Protein chains: 2
Amino acid sequence: MSAWKEGSDARLPLYQRLREEIMDRIASGEWPPGETIPTEAELTRRYNIAVGTVRRAIDTLVNEGLLERSQGRGTFVRRPDFDASFFRFFRQVNAAGQSRVPTSRILSASLQTPPPAAAKALELTEHESCICLERLRAMEDGSLLAEKIWLPASRFSGLLEIPLEQFDNLLYPFYEARFGQSIGSARETLTIDSADAATADMLGIAPRDPVVVIERTALGYDRTPLEYRCSMGAAATFRYQIEIS
Amino acid sequence: MSAWKEGSDARLPLYQRLREEIMDRIASGEWPPGETIPTEAELTRRYNIAVGTVRRAIDTLVNEGLLERSQGRGTFVRRPDFDASFFRFFRQVNAAGQSRVPTSRILSASLQTPPPAAAKALELTEHESCICLERLRAMEDGSLLAEKIWLPASRFSGLLEIPLEQFDNLLYPFYEARFGQSIGSARETLTIDSADAATADMLGIAPRDPVVVIERTALGYDRTPLEYRCSMGAAATFRYQIEIS
DNA sequence: GGTCAAAATTCATATAGATGAATAGATAAC
DNA sequence: GTTATCTATTCATCTATATGAATTTTGACC
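A. Molecular detail of the sheet that holds strand β8 (residues 225–234) of chain B. Ordered in space as β9(A)-β6(B)-β7(B)-β8(B)-β5(B)-β4(B)-β3(B), the 7 strands form an open sheet in which the pairing is antiparallel. Both edges of this open sheet fall to β9 (240–244) of chain A together with β3 (103–112) of chain B, since each of them pairs with a single strand only. Ignoring strand direction, the axes of neighbouring strands in this sheet form an average angle of 15 degrees. Here helix α6 (residues 171–179) of chain B sits on the sheet and contacts β4 (130–138), β5 (144–152), β6 (183–194), β7 (210–220) and β8 of chain B; the angle it forms with β8(B), its principal contact strand, is near 155 degrees.

Right under this line is the structure:
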């Protein structure tokens, strides 16, 4: 009566196998974000392993930020907070030390043939169309962020019928609520460029002024690319701090 | 017969107290980088706690990158690899995927009154002088990095007598070997600026071109600031990648 | 001296169980 | 109904122990 899935490699340590089992359950949506996973005692019974081993598997996932423990309540599937990590790049911490979500406004939404970068990131062929959103975000300090966002049209059908004012400030919960598409992880690349005329105008800076370009590919829990976005902000407001040890 | 230090807070869990004990021993130089710490069995005896608790304390420190385990050999105090983390910012990965240490040349070394930023970072008063090094580093792809490095003169006496050619390519092992000053951690801040004429000339770019400025304060294991450095590179060669999950 | 094999050391994995602390839900008292 | 208390659940900490795997040390042997 083994509860292990087929893919599980018996040569691996038990705690690693359990870790992958849990990740699979999260990826498949069986244990959705925000909900609890089974209790330690339950997992102990289900897989017939010791509590210590279960705790170790959960420990690693908590460490990786996939799970969150709460004494007395249970262990929850964590909803990753992308915006905190993203806006850390810019000077977006107020006096209290906490970052506020900037206000944002969708400028346009349209159906397009994906440009090469977007097609590559979203793994689309030339024949598959995508939705392109243009968005302007205003930071607390008054600086601006110009964004272009590409989504695979097949997974977001009906989005173009939604009036632009009805888009939420945060897009990922919006994707989840309206289209059932949950973002589980993302890859970002940060480069520096010079502003072209159109971008400079949007950001309120001079042409040729340096801009920070952040390209992000956001993936679902099953690692399917769900969104490609390119954000540009004036480099003068950029600041990134890191501790090394 | 308690082996605990005085500062240890008895209200804290044992594994956290042991974690701090180990950190203190590393900070004080009692357990120097590159060497092993006592074995799990030894710590078990010394503090009269269970192996599981010792392992948990070590686990967290391994996770934080301070220690490194090696089955059958022991647990070692890790020597942090700053350059890997630093050059990750730039396109410094060759075909094999591994980054090579760039060649560097010291242009000058002199005794100075610290400029405000350096004085603040090194916690020096106006009356304490510091050593200033100017260095140029050539990356594999041909791009350059111009650096100014400030050191508290009191801790690096005799440095100015060393011929510039005898400086090692990597400064931190050099500090450790020649002056007994080990770097344990660092704080970096990354911003974007426009190149002034002198910097542009050094880097071989046009004036006003965007440059990446990395300010680093390097601390000893006891968290005394030992070095302040300011590195500038052409923003065009800059690239930073991050995974969020 | 050099080589190979056995032994000792040290971390890695796993089990079992005890006590404590935070939370949530049910029950009793008012 | 509201409040206070008790109880069950669930994770947190800690102990104790056993077996396995990687590495180093030791010692016999040639």
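What follows picks up the thread again.
B. Molecular detail of the sheet that holds strand β3 (residues 103–112) of chain A. The antiparallel open sheet is built from 7 strands, whose spatial order is β3(A)-β4(A)-β5(A)-β8(A)-β7(A)-β6(A)-β9(B). Both edges of this open sheet fall to β3 of chain A together with β9 (240–244) of chain B, since each of them pairs with a single strand only. Averaged over all neighbouring strand pairs, the angle between strand axes comes to 15 degrees, with direction disregarded. In the sheet, strand β6 (residues 183–194) of chain A pairs with strand β7 (residues 210–220) of chain A via 11 bridges, with the strands oriented antiparallel. Within the sheet, the bridge partner assigned to A:D193 lies in β7(A) and is A:V211. Together, β4 (130–138), β5 (144–152), β6, β7 and β8 (225–234) of chain A form the strand contacts of helix α6 (residues 171–179) of chain A, whose direction differs from that of β8(A) by roughly 155 degrees.

C. Representation of the packing of helix α1 (residues 14–28) of chain A against helix α3 (residues 51–63) of chain A in the model. Residue and element names in this part refer to chain A. Interaxial distance between α1 and α3 falls to 8 Å at its minimum, and their mutual angle equals 55 degrees. One element, α1, and the other, α3, form an angle in the oblique class. For the pair α1 and α3, the sense of crossing is right-handed. Contact with α1, carried on its side by L14, Y15, L18, R19, I22 and M23, involves T53, V54, R56, A57, I58, T60 and L61 of α3 and no other residues of that element. Taken together, the residues of the contact of α1 with α3 sort by class into 9 nonpolar, 2 polar and 2 charged.

D. Just the relation of the copies chain B and chain A, in detail. Screw-axis analysis of chain B against chain A gives a translation of 0.2 Å along the axis, an RMSD of 0.2 Å, and a rotation angle of 180 degrees. One copy is carried onto the other by what is essentially a two-fold rotation axis. In terms of C-alpha distance to the rotation axis, chain B has B:P210 as its closest residue, with the C-alpha 2.8 Å off the axis. Most of the interface of chain B is mirrored in chain A: 100% of its interface residues are interface residues there too.

E. Examining the environment of A:E188 more closely. Residues and elements named next belong to chain A. Within the secondary structure layout, E188 lies in strand β6. Here E188 falls in the buried class, since its relative accessible area comes to 3%. Remark: the alpha-carbon pair of E188 and T217, spanning 29 residues in sequence, is separated by 6.6 Å.

F. Inspection of the interface of chain B and chain A at higher detail. Taken residue by residue, the interface counts 32 residues in chain B and 32 residues in chain A. For the pair chain B and chain A, the summed buried surface comes to about 2900 Å²; carbon and sulfur atoms form 52% of the total. Connecting chain B to chain A are 2 salt bridges. We note a salt bridge from B:D209 to A:R208, for which the minimum N-O separation is 3.5 Å. Here chain B is connected to chain A by 1 residue pair in polar contact (both at pLDDT 80 or more). Residue assignment for the side of chain B that touches chain A shows that the elements contributing at least two residues are α4 (82–87), β6, β7 and β9 of chain B. Counting residues per element, the side of chain B that touches chain A draws most heavily on β6(B), which supplies 10 residues. Residue classes in the side of chain B that touches chain A are distributed as 13 nonpolar, 10 polar and 9 charged. Sheet topology note: the β6(A)/β9(B) ladder contains 5 bridges and is antiparallel. Residue pairing for β9(B): A:A186 is matched across the bridge by B:I244.

G. How the structure looks around the domain arrangement of chain A. We note that the domain assignment places domain 1 (14–77) and domain 2 (82–237) within chain A. Look at where the C-alpha atoms of domain 1 of chain A and domain 2 of chain A centre, and you get two points 32 Å apart.

About the criteria used
- Residues numbered from 1 in each chain as written.
- Chains lettered and ligands numbered in written order.
- Predicted model: local features only at pLDDT ≥ 70, side-chain atom pairs only at ≥ 80, totals over all residues.
- Heavy atoms only, no water.
- Pairing = 2+ DSSP bridges.
- Helix = DSSP H or I, 4+ residues; strand = E, 2+ residues; numbered from the N terminus.
- Axes fitted to C-alpha atoms, helices over the stretch in contact; angles between N-to-C directions.
- Contact = heavy atoms within 4.5 Å.
- Parallel < 35°, antiparallel > 145°, perpendicular 65-115°, else oblique.
- Left-handed = near helix turned anticlockwise from the far one by under 90°.
- Nonpolar A, V, L, I, M, F, W, Y, C, P; charged D, E, K, R; others polar.
- Least-squares fit on C-alpha atoms with pLDDT ≥ 70 in both.
- Buried < 20%, exposed > 50% of the residue type's maximum accessible area, 1.4 Å probe, protein only.
- Buried area = accessible area lost by both parts, 1.4 Å probe.
- Salt bridge = Lys/Arg side-chain N within 4 Å of Asp/Glu carboxyl O.
- Polar contact = N/O pair within 3.5 Å; in protein donor to acceptor, adjacent residues only side chain to side chain.
- Domains from an automatic or database assignment.

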